[in-house]
Amino acid sequence: MTASIIYEKLGLVNTREMFQKAMEGRYAVPAYNFNNMEQLQAILIGCVQSASPVILQVSGSAREYADAVMMPYMVEGAVAMARNMGSNIPIALHLDHGNTFELAKECIDSGFSSVMIDGSHHSFEDNIRLTAEVVEYAHKKGVTVEGELGVLAGVEDEVSSAVSHYTQPEEVEEFVSKTGADSLAISIGTSHGAHKFKLKPGEEPPSLRFDILEEIEKRLPGYPIVLHGASSVSPEHVAMINQFGGNLESAVGIPAVQLRRAAQSAVCKINIDSDGRLAMTAIIRKIFSEKPSEFDPRKYLGPARTELIELIKAKNEDVLGSAGKA
Ligand code: G3H
Ligand code: 13P
Ligand code: ZN
């Protein structure tokens, strides 16, 4: 790597070696989304304490929320915090669901080590064109690129689709060879948000489409696959939220056992946002309900951060298999 690699100055790495090791070791690297200091600290502390590589993941709207100029400095400070804890875990900063070349370029130029360009809502040809354009720019700067084929259902600030379209395995080789993308997000039945399935009472969530994943693995041997929409939606956190004034009836996620199976395959990156949001909200609701006179943010954001640290350690150890791999 040359001295012009911007993200190295922030103490970051791209995802290439992380994914190679995850493929060989049959685990997945966690990609946790964050918007603020407490989430950023919790992700890094949880990953330091479980000795896991980590991808710090920021959507376009999260970057605006935290301030696009401030964001790289926040991450630089958080990396310094991890190193001060005596940890040398690999840390990447990744743009989640980038939707334009300009946004990806801005992120690359400000210190992101990895970007996703999500052209999955475009035609196959336009998706290839946009992704290839980002790859060409990113690779010159040592930045890795995630593309996407197939559409996930679910609603987030910037990601919204009423229905999912599974990835078509016959498209993946052409997409990867024409774009040069370093990893590929696929749609095999996960979805964004906390309401992933509409289940009747007593009904189990349907299985992910492992047959599609296996077909993709055959066509792209040794190539890193990414799973979005992979929160498990803890029933304990949902119950706590509902107990303390919330309304998240029928929230349900991807069973951990299915994610464990995916993590042992070519899936090298698993995206988790909603689970962290639920953990923090559950604790904050409980505190507000039990101590209505509390108004010091540290007294509710601090315990919310602690809950998130525990969630992250448990995910790395029990679901992704990334604990101890840094
Ligand atoms: O998949 C999207 C992520 O969960 C980020 O969502 O746009 O609400 O920050 P956001
Ligand atoms: P969840 O909503 O399941 O946490 O998915 C997050 C995600 O895919 C971020 O890109
Ligand atoms: Zn996503």
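Per an unreviewed UniProt entry, the chain goes by Fructose-bisphosphate aldolase and derives from Desulfopila aestuarii DSM 18488.

Undergrad: An account of the pattern of salt bridges is needed here, citing residue identities and associated values.
TA: Here the structure, examined in full by the defined rule, presents 19 salt bridges. Of the charged contacts in the structure, one is a salt bridge between Glu17 and Lys21, with a shortest N-O distance of 3.2 Å. Taken as a pair, Glu17 and Lys21 lie in helix H1 (residues 16-25) at a separation of four residues, close to a single helical turn. Taking relative accessible area as the criterion, Glu17 reaches 52% and is therefore assigned exposed. We note a salt bridge from Arg63 to Glu106, for which the minimum N-O separation is 3.0 Å. Note that Arg63 is positioned in helix H3 (residues 60-66) and Glu106 in helix H5 (residues 101-110), a separation of 43 residues in sequence. Residue Glu106 is classed as partly exposed on the basis of its relative accessible area of 44%.

Undergrad: So what's going on with the nonpolar core? Which residues, and what values?
TA: If you look at the biggest cluster of nonpolar residues, it comprises 97 residues, and the most contacted ones within it are Phe34 and Leu56. Per-element tally for this core: the top contributor is helix H12 (residues 297-320), with eight residues. Apart from the residues within four sequence positions on either side, Phe34 is in contact with Gln39, Leu40, Ile43, Leu56, Gln57, Val58, Ala62, Met71, Met74, Val75 and Leu93. With nine residues, the next largest nonpolar core counts Ala22, Val29, Ile55 and Ala92 among its residues.

Undergrad: Quick one: what's the story with the side chain of Gln39, residue by residue and with numbers?
TA: Among the structural elements, Gln39 can be located in helix H2 (residues 37-49). In terms of polar contacts, Gln39 uses its side chain to reach the backbone amide nitrogen of Asn35, at 2.7 Å. For Gln39, the contacting residues outside a window of four places in its chain are Phe34, Met280 and Leu308.

Undergrad: I'd like to hear about the UniProt feature "active site" (unreviewed entry) in the chain, residue by residue, with values.
TA: Following the UniProt record, the feature "active site" (unreviewed entry) maps to Asp96 here. Looking at where Asp96 falls in the secondary structure, it is placed in strand S3 (residues 91-98). Of the polar contacts made by the side chain of Asp96, one reaches the side chain of Asn33; its length is 3.0 Å.

Undergrad: Break down the state of the cysteines for me, with residues and values.
TA: Scanning all chains against the criterion turns up zero disulfides. Note on Cys47: no disulfide assigned, nearest cysteine sulfur contributed by Cys268 at a separation of 16 Å. Since its relative accessible area comes to 0%, Cys47 is described here as buried.

Undergrad: Tell me about the site of ligand 2, residues and numbers included.
TA: Taken together, 17 residues surround ligand 2, and among them Asp96, Lys196, Ser231, Asp273 and Ser274 come closest. Residue Asp96 places a side-chain N or O atom 2.6 Å away from an oxygen atom belonging to ligand 2. At a separation of 3.1 Å, an oxygen atom of ligand 2 approaches a polar side-chain atom of His192. Coverage of ligand 2 by the protein amounts to 98% of the 310 Å² it exposes when considered alone. Put simply, the parts of the chain that give the shell around ligand 2 at least two residues each are S3 and strand S10 (267-272). Among the residues forming the shell around ligand 2, the class breakdown is two nonpolar, eleven polar and four charged.

Undergrad: A description of helix H9 (residues 235-243) should follow, citing residues and the corresponding values.
TA: Taken together, the buried positions of H9 are occupied by His237, Val238, Met240 and Ile241. Across the axial projection of H9, the buried residues extend over an arc of 160°, all falling on one side. Turned more than 90 degrees from where H9 packs its buried face, Pro235, Glu236 and Gln243 sit exposed. Contact partners of the buried residues in H9: helix H11 (274-290) and H12. Count one or two residues on from H9 and you reach Gly245, which has phi positive near 100°.

Definitions and cut-offs
Residues numbered from 1 in each chain as written. Chains lettered and ligands numbered in written order. Predicted model: local features only at pLDDT ≥ 70, side-chain atom pairs only at ≥ 80, totals over all residues. Heavy atoms only, no water. Salt bridge = Lys/Arg side-chain N within 4 Å of Asp/Glu carboxyl O. Helix = DSSP H or I, 4+ residues; strand = E, 2+ residues; numbered from the N terminus. Buried < 20%, exposed > 50% of the residue type's maximum accessible area, 1.4 Å probe, protein only. Core = buried A, V, L, I, M, F, W, Y, C linked by side-chain atoms within 4.5 Å. Contact = heavy atoms within 4.5 Å. Polar contact = N/O pair within 3.5 Å; in protein donor to acceptor, adjacent residues only side chain to side chain. UniProt positions renumbered as here; feature names shortened; annotations may be inferred. Disulfide = S-S within 2.5 Å. Near = heavy atom within 4 Å. Areas by Shrake-Rupley, 256 points an atom, 1.4 Å probe, with all protein chains shown as cover. Nonpolar A, V, L, I, M, F, W, Y, C, P; charged D, E, K, R; others polar. Arc of directions from axis to C-beta.

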